[in-house]
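Spelled out from the first residue to the last, the chains are:
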Amino acid sequence: MRNLFALLCGALGGAGLVVSGMTSTVKIQGWLDFTGSWNPTLGFVLAGALIPMMVAWRLARVQNVAALGEPIPRHPHQRIEANLVIGSIVFGVGWGLVGLCPGPAIASIAFGGVEGLVFLAAMALGMVLAPRFRLRLENRWQVVS
Amino acid sequence: MLKRARFHRCKFWQSASKADKLQALTLTETQYGTQKQMNYSEWIYGFGGGLIIGSGGLLFLLVNGRILGPSGILGGLVDGTGRENRGERLSFIIGLIVSATIAAVLMGRDNTEITDNLVVIIAAGVLVGIGTRMANGCVGGHAVCGISRFSLRGIAATTIFVTAGATSVLVLRHLWGVI
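Quick caveat, the model's predicted, so the values are computed rather than measured.

Chemist: Honestly, the overall build of chain A in this entry has me stumped. Any pointers?
Modeler: Within chain A, the regular secondary structure consists of 6 helices and 0 strands. Mapped in sequence order, the helices and strands of chain A form the string α-α-α-α-α-α. Its C-alpha atoms give chain A principal-axis dimensions of about 40 × 40 × 30 Å. By residue count, 54% of the 145 residues in chain A fall in the buried class. At a minimum sequence separation of 6, the contacts of chain A that also span at least 24 residues come to 54%. Counting every atom, chain A has about 6400 Å² of accessible surface; 66% of that belongs to carbon and sulfur. Taking the average place of the 10 positive charges on the side chains of chain A and the average place of its 5 negative ones, the gap between the two points comes to 10 Å.

Rendered as structure tokens:
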């Protein structure tokens, strides 16, 4: 049952990515290209995705347990640590470089071609290497506790 | 965008006569022009697609009790930290690929318009992999799921990676001309 719903949610995500055009690296780089030909599509995608998610969080507040019995993930700690900042910078640079983030990268397999697979393999390598780069600076850079 | 379109067109030019080239040029310029004007429908499709993604996130949260974050779902599989719910992760990824394939065929989208420079692709892939795991999330987790619950970490991460992405496009495309 869990797997079935995970499959369904993945399917919704994949369909949404293709419908919204977010599998197009040109559109993503266009969103990041504030000084060139800026393409605001990603902003509309985010706006669209935020609406059901806000409803979801509102509903989750009423009920703390998901339909299949798993507890709804609690609000994680709100510290902004070095890992979050440096990780986001590293991710952002890679994102701008090619215009793929993990979701569309997985979806890009659907389009065939070697480039998407190479990107995925490199991304998997990065994910395996990531713990080595994780910094033990959790208690520094504390903005909000 | 125009620059990249020209670059790709060059391949077709090699065997074409001069007249054909000229015609191809004018044709693509007009196509580019209409594409520019069709931005509004792109926005609407973007918003609709966003609603679909968000609904997926809603179901995943309320039914499975999980955060819709591709980097976390894939990352847990790759580095083995998510072994206990491997089935759920695999199902999600399979669903994503299958439905993206179907949607791409139905909508006639056949290209991710990705660069063909493998060095750039590998470098970007490694950076994205390290960055999303260090920051514990990518666009799905931090932007979609984080901002919608007004999470300070999500808002901060989104601001930072959009700024970093914009800087990387600015420097690498407009200043250095690498991409």
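Chemist: Help me understand the state of the cysteines in this model?
Modeler: Cysteine pairs can be linked by a disulfide, which is a covalent bond between their two sulfur atoms. Under the definition given, this model contains 0 disulfides over all chains. Distance from the sulfur of Cys101(A), which forms no disulfide, to the nearest cysteine sulfur (Cys138(B)) is 5.9 Å. Residue classification places Cys101(A) among the buried residues on the basis of a relative accessible area of 5%.

Chemist: What am I meant to see in the packing of aromatic side chains here?
Modeler: The description of an aromatic ring pair rests on the distance of the ring centres and on the angle between the ring planes. Counted according to the given criterion, the structure contains 9 aromatic pairs over all chains. Taken together, a centroid distance of 5.0 Å and an interplanar angle of 15 degrees make the contact between Phe44(A) and Trp43(B) stacked. With one member in each of two chains, Phe44(A) in helix α3 (residues 41–62) and Trp43(B) in helix α3 (residues 39–64) form a pair that bridges those chains. Residue classification places Phe44(A) among the partly exposed residues on the basis of a relative accessible area of 30%. Accessibility expressed as a relative area gives 23% for Trp43(B), which makes it partly exposed. Ring plane angle 90 degrees and centroid distance 5.6 Å describe the contact between Trp95(A) and Phe161(B), whose orientation is recorded as edge-to-face. With Trp95(A) in helix α4 (residues 82–98) and Phe161(B) in helix α8 (residues 152–175), the pair connects residues from two separate chains. Across the pair, exposure class does not vary: Trp95(A) and Phe161(B) are buried alike.

Chemist: What's the story with the layout of surface pockets in this structure? I'm lost.
Modeler: Gaps between atoms show up when a probe of the same size as a water molecule is rolled over them. Volume-wise, the largest pocket comes out at about 720 Å³. Forming the boundary of the largest pocket are 27 residues, of which Pro73(A), Ile67(B), Gly72(B), Asn136(B) and Gly141(B) lie nearest the centre. Breaking the lining of the largest pocket down by element, the ones donating at least two residues are α4 (70–79), α5 (86–107), α7 (139–148) and α8 of chain B. Looking at the lining of the largest pocket residue by residue, the classes come out as 6 nonpolar, 14 polar and 7 charged.

Chemist: Explanation requested: the interface of chain A and chain B in the structure shown.
Modeler: Size of an interface, as often reported, equals the accessible area lost when the parts are brought together. Between chain A and chain B, the contact holds 107 residues from the first and 102 residues from the second. For the pairing of chain A and chain B, the buried interface totals around 9500 Å² over both sides, and the portion due to carbon and sulfur atoms is 76%. Of all residues in chain A, Trp57(A), Leu97(A) and Met127(A) bury the most surface against chain B, accounting for 7% of the area lost on that side. Here chain A and chain B share 4 salt bridges between them. A salt bridge links Arg66(B) to Glu70(A); its shortest N-O distance comes to 3.3 Å. Across the chain A-chain B interface, the total number found is 26 residue pairs in polar contact (both at pLDDT 80 or more). Elements that contribute at least two residues to the side of chain A that touches chain B include exactly α1 (2–20), α2 (25–32), α3, α4, α5 (102–107) and α6 (114–133) of chain A. It is α1(A) that contributes the most residues to the side of chain A that touches chain B, 18 residues altogether.

The rules behind each value
Residues numbered from 1 in each chain as written. Chains lettered and ligands numbered in written order. Predicted model: local features only at pLDDT ≥ 70, side-chain atom pairs only at ≥ 80, totals over all residues. Heavy atoms only, no water. Helix = DSSP H or I, 4+ residues; strand = E, 2+ residues; numbered from the N terminus. Buried < 20%, exposed > 50% of the residue type's maximum accessible area, 1.4 Å probe, protein only. Contact = heavy atoms within 4.5 Å. Areas by Shrake-Rupley, 256 points an atom, 1.4 Å probe, with all protein chains shown as cover. Lys, Arg positive; Asp, Glu negative; His and termini not counted. Charge placed at Lys NZ, Arg CZ, Asp CG, Glu CD. Disulfide = S-S within 2.5 Å. Phe/Tyr/Trp six-rings, centres within 6.5 Å; stacked < 30°, edge-to-face > 60°. 1 Å grid on protein atoms, 1.4 Å probe; cavity = no way out; pocket = protein on both sides within 12 Å on 5 of 7 lines; lining within 4 Å. Points joined across faces, edges and corners; volume = space filled by probe spheres on them. Nonpolar A, V, L, I, M, F, W, Y, C, P; charged D, E, K, R; others polar. Buried area = accessible area lost by both parts, 1.4 Å probe. Salt bridge = Lys/Arg side-chain N within 4 Å of Asp/Glu carboxyl O. Polar contact = N/O pair within 3.5 Å; in protein donor to acceptor, adjacent residues only side chain to side chain.

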